[in-house]
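# Structural overview for review
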Amino acid sequence: REKSRETADPAADSSPKLAPAEHRDEAASKKNLCVKAAKEHSIPEDLNKVLENKVMETVLDLSHVKLSVVEMTCSGDADGEGIISKSISSHSDLIPGVYEGGLKIWECTFDLMDYFSEAAIEFTNKSVLDLGCGAGLLGIVALRGEAARVHFQDYNSTVIDEITLPNVVANCTSEGRRMGSGKDRKASKPPSKRPRKAEGSPDVLNRCRFFSGEWSQVSQLLLNSNKPCSKYDIILTSETIYNPDYYSALHETLAQLLDRNGRVYLASKVHYFGVGGGIPLFENFIEEKNVFRTRMVKTIDQGLQRCIMEIAFKNSC
Ligand code: SAM
């Protein structure tokens, strides 16, 4: 198990990093103007397009697109994000065209997956949001656990198109499974067009929606869209509280999108050195807002200390 984690290089314990100070200042001054707009991503009818030319790896029993290959091959996307060139891949500001960390599977994702098994978290018939999804493994586990619907959100649209969506197809559709996966296996055999129904089970992609953009924009899109959705029973979020500048947007998003009796499972390092965020700061923020109660459900002491926090509305059951 540990070996398979190494395969995915979940974290060499580097935290998401901030841009150099001059970029931060620039970003801060633009913050109110340049918050990345939200967009819903359509799922191509032809799954061939989704898995085309993807090199797949396996971690635990999940396939995922080999991230270093995406990093090397994408220099930008149609809306001009240009997110993945090496030169900017460690920058992290709320300005258009900037990567926000979804091009790596961060180690708290694996902590949260462990916790799901240990605590027997039940996804059956639940409505789930994988917030700040990156590779989307948490949402994929929820889909496999028979969640009624799973929505995926990442800041960057390239991450959704090149990583999250292919990973969902690879793990949760008969096409993806038929193509197989494995370390450095190229998805060469083209899958067929997406069937309306996979054999014996409802088409899993009909239970998914994919969004990119900044949190406040995504929640507005979800709440105001002509396909409005009910609130989420479970929101999963891993390694998303590293930057205190985002706490307000994150907190508001959770408050707007969580069902009255829903639960957020948040996995995080206790401290993000050099960035400033972490569990104590976010806990204080939540306490001051007085909307949610929190409970630490697990702490992990190997390497950098990490935690899983359960968040629920104060007046919930
Ligand atoms: N959850 C994934 C994992 O554990 O591997 C990715 C973690 S990555 C460090 C942080 C994620 O949060 C990215 O997917 C990024 O797009 C998202 N994110 C961070 N700040 C955001 C913001 N202000 N608005 C929208 N998404 C944001």
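The structure this text deals with has already been given above.
Residues numbered from 1 in each chain as written. Predicted model: local features only at pLDDT ≥ 70, side-chain atom pairs only at ≥ 80, totals over all residues. Heavy atoms only, no water.

### A look at the pairing of strand 3 (residues 62-65)
For the record, the criterion: Each residue gets one of three labels from its accessible area relative to the maximum for its type: buried under 20%, exposed over 50%, partly exposed in between, using a 1.4 Å probe on protein chains only. Counting from the N terminus, the helices are the DSSP runs of H or I reaching at least four residues and the strands are the DSSP runs of E reaching at least two. Any two strands between which DSSP finds at least two bridges are classified as paired.
Side chains Leu62 and His64 of strand 3 all project onto a buried face; the interleaved residues Ser63 and Val65 project onto the opposite face, where all are buried too. Pairing between strand 2 (residues 55-59) and strand 3: four bridges, direction antiparallel. Its bridge partner lying in strand 3, methionine 56 is registered against valine 65. The turn linking strand 2 back onto strand 3 is made up of two residues, and leucine 60 within it adopts a positive phi angle of 50°.

### Focus on the nonpolar core
Generally speaking, nonpolar side chains in soluble globular proteins are found buried as a group. We apply this condition: To define a nonpolar core, start from buried Ala, Val, Leu, Ile, Met, Phe, Trp, Tyr and Cys residues and group those joined through side-chain atoms within 4.5 Å.
In terms of nonpolar packing, the biggest core is built from 49 residues, with Phe123, Leu137, Phe152 and Val168 touching the most fellow members. The leading source of residues in this core is helix 7 (residues 157-172), at eight residues. Within the second largest apolar cluster, 31 residues are counted, among which are Tyr246, Leu254, Val275 and Ile286.

### Brief notes about the side chain of serine 127
So the rule is basically this: Definition of a polar contact: a pair of N or O atoms within 3.5 Å, with one able to donate and the other able to accept a hydrogen when the atoms are protein atoms, and with sequence-neighbouring residues admitted only if both atoms are side-chain atoms. Any two residues whose heavy atoms approach within 4.5 Å at even a single point are treated as in contact.
Inspection of the secondary structure puts serine 127 in strand 4 (residues 127-131). A relative accessible area of 5% means that serine 127 is categorised as buried. Of the polar contacts made by the side chain of serine 127, one reaches the side chain of arginine 149; its length is 2.7 Å. Those residues in contact with serine 127 that lie beyond four places of it in its chain are Arg149, Lys231, Tyr232, Asp233 and Ile234.

### Structural notes on unusual backbone geometry
For leucine 60, which is not glycine, the phi torsion reads 50° and is therefore positive. Within the secondary structure layout, leucine 60 lies in the loop between strand 2 and strand 3. A relative accessible area of 23% means that leucine 60 is categorised as partly exposed. Positive phi is not limited to glycine here, since asparagine 290 has a value of about 60°. Position of asparagine 290 relative to the elements: it lies in the loop between helix 11 (279-289) and strand 12 (292-300).

### Let's talk about helix 11
As a reminder of what qualifies: The directions considered for the arc run from the helix axis to the C-beta atoms.
If you check which residues of helix 11 are buried, you get Ile279, Phe282, Phe285 and Ile286. In a view along the axis of helix 11, the buried residues occupy a sector of 130°, so they form one face of it. For helix 11, exposure combined with an orientation more than 90 degrees from the buried face picks out Glu287 and Glu288. Those residues of helix 11 hidden inside the fold are in contact with helix 10 (247-257), strand 11 (258-269), strand 12 and strand 13 (306-313). One or two steps after helix 11, the chain reaches asparagine 290, where phi turns positive at roughly 60°.

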